[in-house]
Amino acid sequence: MRRARLSTRCFDTKSVLLPSPVPAITDIINATKFELHHCQPSCRHHQSLSSGYSHHETQAELLHAYVIKNGSLQNLAISNYLLNLYVKKCQNLYHAHQLFNEILTRDIRTWTILISGFAQYEDFKMVLYLFRKMQSEGICPNHFTLSSVFKCCSTLCELRNGKAIHGWILTNEIGLDVILVNSVLDLYVKCGALDYAKRLFKSVEEIDTVSWNIMISAYLHIGDVERALDLFHGLNSKDVTSWNTIIDGLMKNGFERTSLELLYKMLESGHMFNAVTFSIALNLVSCLSLLELGKQIHGQVLRLVLHNNGFIRNSLLGMYCKCGKMEEASMTLRTIPVRISCDDSLADVVSWSSMISGYVRNGEYEIAFQTFRFMVNEHVVVDKFTLTSIVSACASKGILELGMQVHAHIQKIGHKVDAHLYSSLIDMYAKCGSLNDAIKIFKQINDLNVVLWTSMISGFGLHGQGHEAIELFECMMNEGIIPNEITFIGVLIACNHAGLLEEGCKYFELMQKVYGIKPDFEHYTCMVDLYGRSGRLNEAKEFIQENGISHVSAVLKSFLSSCRLHKNVEMGNWASERLLKLEQSDAGSYILLSNMYSTDHRWEEAANVRSSMQQRKANKLPGLSWIQLKNQVHNFN
DNA sequence: TGGTTATTGG
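Residues numbered from 1 in each chain as written. Chains lettered and ligands numbered in written order. Predicted model: local features only at pLDDT ≥ 70, side-chain atom pairs only at ≥ 80, totals over all residues. Heavy atoms only, no water.

## Concerning the environment of Gly 192
- With respect to the element layout, Gly 192 can be found in the loop between α10 (178-190) and α11 (194-203).
- As for Gly 192 and Val 381, which are separated by 189 residues in sequence, their C-alpha atoms are 33 Å apart. (Helix = DSSP H or I, 4+ residues; strand = E, 2+ residues; numbered from the N terminus.)

Laid out in structure tokens, this is it:
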């Protein structure tokens, strides 16, 4: 999001010495330009250049001071020119707003320049405030103000407001131009009112490429890839955005290969890549783990000197992180240029948080923690994405102390906590053994979504509190929240840890019949575990055979541990035969089998398994323990 | 002197 620079510098009218009032606007403007270029080194222009003050700002302030002095501020041609100078060239909405208030009789252009300015910098509260004020003063909005307001409603998802304004346009029979049609289309699409968008799209006689692009993007957002492709292929005048939209949308809907084909087709058809295409192409490369292609694109980016573009740099960084190349990712982070505008600082925040999440994703927790500490010490902006990654790293490593410190840091700086951060906090407290803290957080959340319910249900499950987990799950369904596949994994694990076989079977059926969720290997493994641990080894075996999952090593391992638990060597042999065929060099499988024999005092067979394990060089990595001392994690055997 | 679509991190 772009932000305007809000300078609070005041005017110094006394230092401005200009000729006596000139009546024509061009003369006034030229006079200030002349002053700007020819004044002596001691004047403020030169001082301002050395202090980083822009040429436009100096010109605007000179002009501002001058028109105040000679009383021509109320000349609308002059004040609108000056207002535009503040908004466009100086990007200083604070001064623009100040000037706006000094203008006593504003015309529609005065309002438009300021409203468009705030819309451009996404201060939508101001846009709506000014729009309402304008209407209350009896000024009729024009196309420019209306499209700014639609952009605002679209970003804030204010469908009702937007619809009302669209209705007002229709009743007042105001003709919609192409850009306004597109603004309304975008509003309906972003607010999920696709029917309204379709109706509008059909009602337009001559549809331009931007409208097509908006509709292609709309179908992609709801996952209707077929319609999106139809629209795309039917579009004769494809521009680079049409290609970018379809390539990105296909990738996000899981059609990565088709997306890549279209990327090549785009090249073949002679369309030039722009910065957005490069960013999307790099994301596609990460999805498909095509590191070599990614490196080639990186080379092209360097040749075209696009590597300073924030989006591209972050896509590059993300690609290296996702391909496990943390060294290359870190090199990309080190190439962050000196910040030129506020836009770049946002890109920097993304770079840092991507880096942290990359370390966490690749299991390099200690470097993630070190980087986080560096960010805090060096006052690098830490946002909710970074915090979520760090909290989940604490959960994975079980480091309660650091997790609590991060939680305290969040509260101290008054950071807004969203659902992602809340769920990672619940998960962290639960995984670090502090279930009560997890419950405390869960209870203080007003808008609970399915992820938050799932985190808490899984938390109870993890602590063996199966009944509480089930109670919460029932409560969630009563609230009308639809469980997802992960919720059911949490529920099944909870049943498992509490030995609730009957309930587990009930929910496994509910998942498929009521919620239409197809079981995944993880659900199957939970069920095999549930039957097995309850001693129902025959039923577990039948379940494996019925569902055709005897080729899944996690399922067989789970079954084998149940066989060991209930000392059923015969069943264990059945599972281990299959397991060892699947994973000849997996030490875990041999150890499970050997342990089963040892439990049944069959020492000779246990020793045979161990020796065949050595023959096949399936060595088990020794387990590591760790301890946290003064913010440092120490590992030992 | 003003307005539209597509891209990055959990």
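So that's the structure; there's more coming.
## Details of the packing of aromatic side chains
- Counted by the stated rule, this structure contains 15 aromatic pairs.
- Consider the rings of Phe 473 and Tyr 507, whose centres lie 5.2 Å apart with planes at 90°: the pair is edge-to-face. Placement of Phe 473 in helix α27 (residues 466-478) and of Tyr 507 in helix α29 (residues 501-513) is noted, with a sequence separation of 34 residues between them. Here Phe 473 matches Tyr 507 in class, with each residue buried.
- Ring centres 5.7 Å apart and planes at 85° place the aromatic pair Phe 559 and Trp 574 in the edge-to-face group. Taken as a pair, Phe 559 in helix α32 (residues 553-565) and Trp 574 in helix α33 (residues 569-582) lie far apart in primary sequence, 15 residues in all. Summarising the burial analysis for this pair, Phe 559 and Trp 574 share the class buried. (Phe/Tyr/Trp six-rings, centres within 6.5 Å; stacked < 30°, edge-to-face > 60°. Buried < 20%, exposed > 50% of the residue type's maximum accessible area, 1.4 Å probe, protein only.)

## A word on the UniProt feature "repeat: PPR" (unreviewed entry) in chain A
- If you check UniProt for "repeat: PPR" (unreviewed entry), the listed places come out as residues 107-141, 208-242, 348-382, 418-448 and 449-483 in our numbering.
- Secondary structure within residues 107-141 divides into 74% helix and 0% strand; the distance between the first and last C-alpha atoms comes to 11 Å.
- The span residues 348-382 shows a helical share of 77% and a strand share of 0%, and its end C-alpha atoms are spaced 11 Å apart. (UniProt positions renumbered as here; feature names shortened; annotations may be inferred.)

## Some details on the state of the cysteines
- Counted according to the given criterion, the structure contains 0 disulfides.
- Here Cys 191 stays free of any disulfide, with the sulfur of Cys 157 as its closest cysteine sulfur at 4.1 Å.
- Using a relative accessible area of 18% as the deciding quantity, one classes Cys 191 as buried.
- In this structure Cys 432 is not part of a disulfide, and its nearest cysteine sulfur, from Cys 394, lies 7.0 Å away.
- Residue Cys 432 is classed as buried on the basis of its relative accessible area, which comes to 17%. (Disulfide = S-S within 2.5 Å.)

## Here we look at the environment of Ile 457
- Relative to the elements of secondary structure, Ile 457 occurs in helix α26 (residues 450-462).
- Apart from the residues lying within four places of it in its own chain, the contact partners of Ile 457 are Ala 469, Leu 472, Phe 473, Met 476, Thr 487, Gly 490 and Val 491. (Contact = heavy atoms within 4.5 Å.)

## Describing the domain arrangement of chain A
- For chain A, the assigned domains read domain 1 (1-170), domain 2 (453-507) and domain 3 (519-637).
- At the interface, 11 residues of domain 2 touch 10 residues of domain 3.
- Between domain 2 and domain 3, a total of about 970 Å² is buried, with carbon and sulfur atoms accounting for 74% of that surface.
- Our enumeration of links across domain 2 and domain 3 arrives at 0 salt bridges.
- The tally of links between domain 2 and domain 3 comes to 3 residue pairs in polar contact (both at pLDDT 80 or more).
- The set of elements that each furnish at least two residues to the side of domain 2 that touches domain 3 consists of α28 (485-497) and α29.
- If one sorts the elements of the side of domain 2 that touches domain 3 by residue count, α28 sits on top with 7 residues.
- Per-class residue counts for the side of domain 2 that touches domain 3 are 8 nonpolar, 2 polar and 1 charged. (Domains from an automatic or database assignment. Buried area = accessible area lost by both parts, 1.4 Å probe. Salt bridge = Lys/Arg side-chain N within 4 Å of Asp/Glu carboxyl O. Polar contact = N/O pair within 3.5 Å; in protein donor to acceptor, adjacent residues only side chain to side chain. Nonpolar A, V, L, I, M, F, W, Y, C, P; charged D, E, K, R; others polar.)

## Considerations on the protein's contact with DNA strand B
- Contacts to DNA strand B come from 50 residues, most closely from Asp 177, Asn 182, Asn 213, Asn 314 and Asp 383.
- The sugar-phosphate share of atoms of DNA strand B within 4 Å of the protein amounts to 37%.
- Between DNA strand B and the protein, one listed contact pairs a phosphate oxygen with a side-chain N or O atom of Lys 252 at 3.3 Å.
- Looking at the surface near DNA strand B residue by residue, the classes come out as 13 nonpolar, 24 polar and 13 charged. (Near = heavy atom within 4 Å.)

## Here's the deal with the packing of helix α8 (residues 143-156) against α10
- Closest axis-to-axis distance for the α8/α10 pair is 9 Å, and the angle between their directions is 15°. For the element pair α8 / α10, the angle class is roughly parallel. Remark: the crossing between α8 and α10 carries left-handed chirality. Seen from α8, the contacting residues are His 143, Leu 146, Ser 147, Phe 150, Cys 153 and Ser 154; seen from α10, they are Leu 180, Ser 183, Val 184, Asp 186, Leu 187 and Lys 190.
- Residue classes in the contact of α8 with α10 are distributed as 6 nonpolar, 4 polar and 2 charged. (Axes fitted to C-alpha atoms, helices over the stretch in contact; angles between N-to-C directions. Parallel < 35°, antiparallel > 145°, perpendicular 65-115°, else oblique. Left-handed = near helix turned anticlockwise from the far one by under 90°.)

## A few points about the nonpolar core
- If you look at the biggest cluster of nonpolar residues, it comprises 173 residues, and the most contacted ones within it are Ile 246, Ile 247, Met 456 and Phe 559.
- Residues in contact with Phe 559, not counting those within four places in the same chain, are Val 528, Leu 537, Ala 540, Lys 541, Ile 544, Met 571, Trp 574 and Ala 575. (Core = buried A, V, L, I, M, F, W, Y, C linked by side-chain atoms within 4.5 Å.)

## Re the side chain of Ser 558
- Following the sequence through the fold, Ser 558 ends up in helix α32.
- Since its relative accessible area comes to 8%, Ser 558 is described here as buried.
- Beyond its immediate sequence surroundings of up to four residues, Ser 558 is in contact with Thr 525, Val 528 and Asp 529.

## A few points about the environment of Met 251
- Position of Met 251 among the secondary structure elements: in helix α14 (residues 240-252).
- Residue classification places Met 251 among the buried residues on the basis of a relative accessible area of 7%.
- Residues Met 251 and Ser 594, 343 residues apart in the sequence, show an inter-C-alpha distance of 46 Å.
- The residues contacting Met 251, other than those within four sequence positions of it, are Glu 256, Ser 259, Ile 280, Asn 283, Leu 284 and Cys 287.

## What about unusual backbone geometry?
- With a phi angle near 50°, Gln 91 is a residue other than glycine that sits in the positive phi range.
- Structurally, Gln 91 is set in the loop between α4 (76-89) and α5 (93-102).
- In this structure Gln 91 comes out as partly exposed when scored by relative accessible area, which is 35%.

## Things to note about the confidence of the model for chain A
- Per-residue pLDDT for chain A averages 86, and the proportion of residues at 70 or more is 86%.
- Per-element confidence in chain A is highest for α14, whose mean pLDDT is 98, and lowest for helix α2 (residues 44-50), whose mean pLDDT is 37.
- A low-confidence stretch, residues 1-23 (pLDDT under 50), is modelled with 53 contacts involving residues beyond four sequence positions or located in other chains.
- Note on residues 39-52: pLDDT is under 50 here. Beyond four places in sequence and across chains, it has 15 contacts. (pLDDT = per-residue confidence, 0-100.)

## Considering helix α18 (residues 310-322)
- Here α18 contains 13 residues, and its C-alpha end-to-end distance of 18 Å stays within 8% of the 18 Å for a straight helix at 1.5 Å per residue.
- With 11 of 13 residues buried, α18 lies mostly within the body of the structure.
- Taken together, the buried positions of α18 are occupied by Gly 310, Ile 312, Arg 313, Asn 314, Ser 315, Leu 316, Leu 317, Gly 318, Met 319, Tyr 320 and Cys 321.
- Residue Asn 309 occupies the N-cap position of α18, its side-chain oxygen lying 2.9 Å from the main-chain nitrogen of Phe 311.
- A positive phi of about 75° marks Gly 324, the residue just after α18. (Expected span 1.5 Å × (residues − 1).)

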